[in-house]
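# A structural walkthrough
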Amino acid sequence: MKEFDLLCKEFEQMDSETYAALLAEKAATLVPALTLVTEDGLGGIAVFSTFIFGAIAADGRLSEAEYSLVYPLLHAFFGDTVDYETCRLTVRALRPEGRELKKAVDEMADVLAELSENLKNDLILVCLMICAIDGKVSFKEKQWIKQLIR
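Here we summarise the structure given alongside this text. For clarity, every value in this text was computed on a predicted model and none was experimentally measured.

### Comments concerning the packing of helix α3 (residues 43-57) against helix α4 (residues 64-78)
Following both chains from N to C, one finds α3 and α4 inclined at 165°, their axes separated by 12 Å at the closest point. Judged by the angle between their axes, α3 and α4 are roughly antiparallel. Judged by the sense of rotation from one axis to the other, the crossing of α3 with α4 is left-handed. Across the interface between the two elements, I45, F48, S49, I52, F53 and I56 of α3 pack against V70, L73, L74, F77 and F78 of α4. Class assignment for the residues of the contact of α3 with α4 results in 10 nonpolar, one polar and no charged.

Encoded structure:
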């Protein structure tokens, strides 16, 4: 568990250029890999977006400041189809005390079971990075990530 806390600290303190480069690198390998493991091929982006929005929703809220930090990532993946209000509503639907996030985590765990250890680790790493985007991985976010690791 100490390693996990050290990794959280590392991402909380990462500079924005390194952060953006690492996220882009991971996404470039994850989206095609997820596309391969889905039956219709289009589900890879949907699966990836579930992980992205799950990470955003892990602490149960999305401030405009947090949205502005994550917006470049969202825009790169989803184009102009995502705006603050859409994200806020998605996060609200996935709030930790609701059933939707629990259901999403269960589905995510099923997807992770289908992936190689390297891809699984990369996907969890991306989720952790998104949780750390505001400079702090909260207790709720750590608990959410730990559910994915199980």
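### Focus: the nonpolar core
With 50 residues, the main nonpolar core has F51, I56, L74, W144 and L148 as its most contacted residues. Where this core is concerned, the elements lending two or more residues are α1 (2-12), α2 (16-37), α3, α4, α5 (84-93), α6 (99-114), α7 (117-131) and α8 (139-149). Looking at which element gives the most residues to this core, the answer is α7, with nine residues.

### Quick notes on α3
Over its 15 residues, α3 extends 21 Å from the first C-alpha to the last, a length consistent with the 21 Å expected when each residue adds 1.5 Å. Of all the 15 residues making up α3, 12 are buried; the element is thus mostly covered by neighbouring parts of the structure. Those residues of α3 that sit buried are G43, G44, V47, F48, S49, F51, I52, F53, G54, A55, I56 and A57.

### Quick word on the pattern of salt bridges
A full pass over the atoms with the stated rule returns four salt bridges. Of the charged contacts in the structure, one is a salt bridge between K142 and D5, with a shortest N-O distance of 3.6 Å. In this pair, K142 is assigned in helix α8 and D5 in helix α1, connecting sequence segments 137 residues apart. Overall, the relative accessible area of 19% leaves K142 in the buried class. With relative accessibility at 32%, the residue D5 sits in the partly exposed group.

### Concerning the packing of aromatic side chains
The geometry of an aromatic ring pair is captured by two quantities: the separation of the ring centres and the angle between the planes. One pass over the full model with this rule turns up two aromatic pairs. A ring pair is formed by Y67 and Y71, whose centres lie 5.6 Å apart and whose planes are at 55°; its orientation type is tilted. With Y67 and Y71 both in helix α4, this residue pair falls four residues apart, about one helical turn. Judged by relative accessible area, Y67 falls into the buried class, the value being 10%. Taking the relative accessible area as the measure of exposure, Y71 reaches 30% and is therefore partly exposed. Ring plane angle 65° and centroid distance 5.3 Å describe the contact between Y67 and Y84, whose orientation is recorded as edge-to-face. Highlighted residues: Y67 in helix α4 and Y84 in helix α5, separated in sequence by 17 residues.

### Examining the side chain of E141
With respect to the helices, strands and loops of the structure, E141 is situated in helix α8. Engagement of the side chain of E141 in a polar contact is seen with the backbone nitrogen of S138, the distance being 2.7 Å.

### Side note on α1
The complete set of buried residues in α1 reads F4, C8, F11 and E12. All buried residues of α1 fall inside an arc of 105° around its axis, so they share one side. Within α1, the exposed residues directed more than 90 degrees away from the buried face are K2, E3 and L6.

### Topic: the side chain of K26
Along the chain, K26 turns up in helix α2. On the basis of relative accessible area, K26 is assigned to the buried category, the value being 13%. If sequence neighbours within four positions are ignored, K26 has contacts with D122, L125 and V126.

Calculation notes
Residues numbered from 1 in each chain as written. Predicted model: local features only at pLDDT ≥ 70, side-chain atom pairs only at ≥ 80, totals over all residues. Heavy atoms only, no water. Axes fitted to C-alpha atoms, helices over the stretch in contact; angles between N-to-C directions. Helix = DSSP H or I, 4+ residues; strand = E, 2+ residues; numbered from the N terminus. Parallel < 35°, antiparallel > 145°, perpendicular 65-115°, else oblique. Left-handed = near helix turned anticlockwise from the far one by under 90°. Contact = heavy atoms within 4.5 Å. Nonpolar A, V, L, I, M, F, W, Y, C, P; charged D, E, K, R; others polar. Core = buried A, V, L, I, M, F, W, Y, C linked by side-chain atoms within 4.5 Å. Buried < 20%, exposed > 50% of the residue type's maximum accessible area, 1.4 Å probe, protein only. Expected span 1.5 Å × (residues − 1). Salt bridge = Lys/Arg side-chain N within 4 Å of Asp/Glu carboxyl O. Phe/Tyr/Trp six-rings, centres within 6.5 Å; stacked < 30°, edge-to-face > 60°. Polar contact = N/O pair within 3.5 Å; in protein donor to acceptor, adjacent residues only side chain to side chain. Arc of directions from axis to C-beta.

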